[in-house]
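# Structure assessment
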Amino acid sequence: GFGCGDLEFAVLREMGAVDEKTIVATPVHDIQLVSDIPGDAMLSYDVPVDIVCTPTHTIHVERKLPTPSGIMWDKLSPQKIMVVQALGELKEKL
């Protein structure tokens, strides 16, 4: 929740640890599954997943959207940058 996974991916992308070919998996509960998420519901910083794991299923998803290319600094508040140490360190390097 709160976009933490998306932010983690963006930080790793900035650091060169992941790229557009990196497989993205997420755990969810069975009751959280939906049959489809429209592309226009995804925000520019949302990371599409390739594998969804529930307690009873492993679902491979065809990726239709690209992963974000890095941190979208204009979407982050100054408070968020201060609270997340890695963000402050990366921002200083820019």
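All values derive from a computational prediction rather than experimental measurement.

### A closer look at the side chain of T67
Residue position: T67 is located in the loop between strand 3 (58-60) and helix 2 (78-83). Among all residues touching T67, those that are not within four sequence positions of it are F9, R13, D19, E20, V47 and P48.

### Focus: the pattern of salt bridges
Using the criterion set out here, one finds two salt bridges in the structure. Taking the shortest distance from any N to any O, the salt bridge between R13 and E20 comes out at 3.1 Å. A relative accessible area of 17% places R13 in the buried class. Close ionic contact of D50 with R63 constitutes a salt bridge, the shortest N to O distance being 2.4 Å. On the criterion of sequence distance, the pair formed by D50 in the loop between strand 1 (25-27) and strand 2 (51-53) and R63 in the loop between strand 3 and helix 2 is long-range, its members being 13 residues apart. Assessed through its relative accessible area of 10%, D50 is described here as buried.

### A short note on the side chain of R13
Residue position: R13 is located in helix 1 (residues 4-14). For R13, the side chain forms a polar contact with the side chain of T67, separated by 3.0 Å.

### Quick notes on the nonpolar core
The biggest cluster of nonpolar side chains holds nine residues, and these are L7, A10, V11, I71, W73, L76, I81, L87 and L90. Broken down by secondary-structure element, the contributors of at least two residues to this core are helix 1 and helix 3 (85-93). The dominant element in this core, judged by the number of residues it contributes, is helix 1, at three residues. When residues no more than four places from it in sequence are discounted, the contact partners of I71 are A10, V11, E14, L76, L87 and L90.

Conventions and cut-offs
- Residues numbered from 1 in each chain as written.
- Predicted model: local features only at pLDDT ≥ 70, side-chain atom pairs only at ≥ 80, totals over all residues.
- Heavy atoms only, no water.
- Helix = DSSP H or I, 4+ residues; strand = E, 2+ residues; numbered from the N terminus.
- Contact = heavy atoms within 4.5 Å.
- Salt bridge = Lys/Arg side-chain N within 4 Å of Asp/Glu carboxyl O.
- Buried < 20%, exposed > 50% of the residue type's maximum accessible area, 1.4 Å probe, protein only.
- Polar contact = N/O pair within 3.5 Å; in protein donor to acceptor, adjacent residues only side chain to side chain.
- Core = buried A, V, L, I, M, F, W, Y, C linked by side-chain atoms within 4.5 Å.

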